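Below are the chains, spelled out letter by letter.
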Amino acid sequence: TAGTLNSTVTFPAGHVTQFVVVNDNSTSAASAADGANSAPTSNFCTLTVPDDSYVYMESAGGKIYMNSGSTILRGRCRLFYTVDGSTPDGSDSIINGGICGGSFNVGGTFHIPGFVGGTVQNTSGGTLTYKVKWGIYGDGSPSYWNSHADYPIVIKGIVYN
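The text that follows walks through the structure, step by step, so that each part is easy to find.

Parameters at a glance
Per-chain numbering applies: the sequence of each chain, read as written, is numbered from 1 onward. This being a predicted model, a pLDDT of at least 70 is required before a residue's local features are given, and a value of 80 or more before pairs of side-chain atoms are given or counted; all residues contribute to the totals for chains, interfaces and linings. To obtain the side-chain values, all non-hydrogen atoms of the structure were included, while hydrogens and water were left out. Helix and strand assignments follow DSSP, with helices taken as H or I runs no shorter than four residues and strands as E runs no shorter than two, numbered in order from the N terminus. Buried means the residue's accessible area, taken with a 1.4 Å probe over protein chains only, is under 20% of the maximum for its type, while exposed means over 50%, and partly exposed covers the values in between. Note on contacts: a residue pair is in contact if any heavy atoms of the two residues lie within 4.5 Å. For the area figures, the Shrake-Rupley method with a 1.4 Å probe applies, and any residue is considered shielded solely by the protein chains shown. The definition of a polar contact used here is a pair of N or O atoms within 3.5 Å, where within protein one atom must be able to donate a hydrogen and the other to accept one, and adjacent residues in sequence count solely through side-chain atom pairs. A carboxyl oxygen of Asp or Glu within 4 Å of a side-chain nitrogen of Lys or Arg is what we treat as a salt bridge. Residues enter a patch when their relative accessible area is above 30% and they make no salt bridge; the linking distance is 9 Å between like charges and 5 Å between nonpolar side chains (Val, Leu, Ile, Met, Phe, Trp, Tyr). Any Phe, Tyr or Trp ring, taking Trp's six-membered ring, that has another such ring centre within 6.5 Å forms a pair; planes under 30 degrees apart are called stacked, those over 60 apart edge-to-face, and the others tilted.

### Notes on the overall build of the protein
Part 1 of the reasoning: The secondary structure content of the protein amounts to zero helices and 13 strands.
Part 2 of the reasoning: When its helices and strands are written in sequence order, the protein yields β-β-β-β-β-β-β-β-β-β-β-β-β.
Part 3 of the reasoning: In the protein, which comprises 161 residues, the share counted as buried stands at 41%.
Part 4 of the reasoning: Partitioning the contacts of the protein with sequence separation of at least 6, the portion at a separation of at least 24 is 78%.
Part 5 of the reasoning: For the protein, the accessible surface area stands at approximately 7,400 Å², while carbon and sulfur atoms represent 50% of it.

### A few points about the side chain of S42
Part 1 of the reasoning: Along the chain, S42 falls in the loop between β5 (37-38) and β6 (45-49).
Part 2 of the reasoning: By relative accessible area, S42 is classed as buried at 9%.
Part 3 of the reasoning: A polar contact of 3.4 Å, which involves the side chain of S42, links it to the side chain of W134.
Part 4 of the reasoning: Excluding its chain neighbours within four sequence positions, the residues that come into contact with S42 are D24, S26, S28, K133 and W134.

### So, the pattern of salt bridges
Part 1 of the reasoning: Applying the stated criterion across every chain, the model contains one salt bridge.
Part 2 of the reasoning: The closest approach of N and O atoms between K156 and E58, which form a salt bridge, is 3.6 Å. Within this pair, whereas K156 is found in strand β13 (residues 153-160), its partner E58 is found in strand β7 (residues 54-67), the two being separated by 98 residues in sequence.

### A word on a nonpolar patch on the surface
Part 1 of the reasoning: Side chains of V16, F19 and V21 sit close together on the surface and give an oily, nonpolar patch of about 270 Å² of accessible area.
Part 2 of the reasoning: Note that F19 resides in strand β3 (residues 16-24).
Part 3 of the reasoning: Of the residues examined, F19 reaches a relative accessible area of 51% and is grouped as exposed.

### Details of the packing of aromatic side chains
Part 1 of the reasoning: Considering all chains together, one arrives at three aromatic pairs under this definition.
Part 2 of the reasoning: Ring plane angle 15° and centroid distance 5.4 Å describe the contact between Y54 and Y160, whose orientation is recorded as stacked. Taken as a pair, Y54 in strand β7 and Y160 in strand β13 lie far apart in primary sequence, 106 residues in all.
Part 3 of the reasoning: The partly exposed category is assigned to Y54, whose relative accessible area is 30%.
Part 4 of the reasoning: A residue is classified by how much of its surface remains accessible, and Y160, at 22% relative accessible area, is partly exposed.
Part 5 of the reasoning: With centroids separated by 5.9 Å and ring planes inclined at 15°, the aromatic side chains of Y81 and Y130 adopt a geometry described as stacked. Here Y130 lies in strand β11 (residues 128-138) and Y81 lies in strand β8 (residues 72-82), a separation of 49 residues in the sequence. With respect to burial, Y81 and Y130 carry one shared label: buried.

### What to know about unusual backbone geometry
Part 1 of the reasoning: Look at D52: it is not a glycine, yet its phi comes out positive at around 65°.
Part 2 of the reasoning: Relative to the assigned elements, D52 resides in the loop between β6 and β7.
Part 3 of the reasoning: A relative accessible area of 32% places D52 in the partly exposed class.

Here is the structure:
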């Protein structure tokens, strides 16, 4: 389908109608126990998504790490989002990223950049305000995802019809 702007400009199907980037270089951290979600109290991305449009949401960067108190070290990056304009938290809708980690027998911690992304469609019959926040799920062990000036987490939202 095509999209219309101000009833004067028509965009072809698949055309990007909004692109938002939020750079979170605060000292926010998401810390999740095994089997729990965590969303930091940091920045979020706000998008206006018309009916029958799609939004691709992504978050990447920072550092994800797991304590090595056991040999199984896993954490799952997640995006939490709302469609009513409220600020998301760890109980809201989820887009899962890949599991970071594996089976290790090492001391200390290890650090890698986090990533999660996915697409959803607005089929509500009206325009919705999506708010998107990065977070983590402790999958097998306590897990952490941190942002910082030296390793920011970038949140992106792309709306297309």
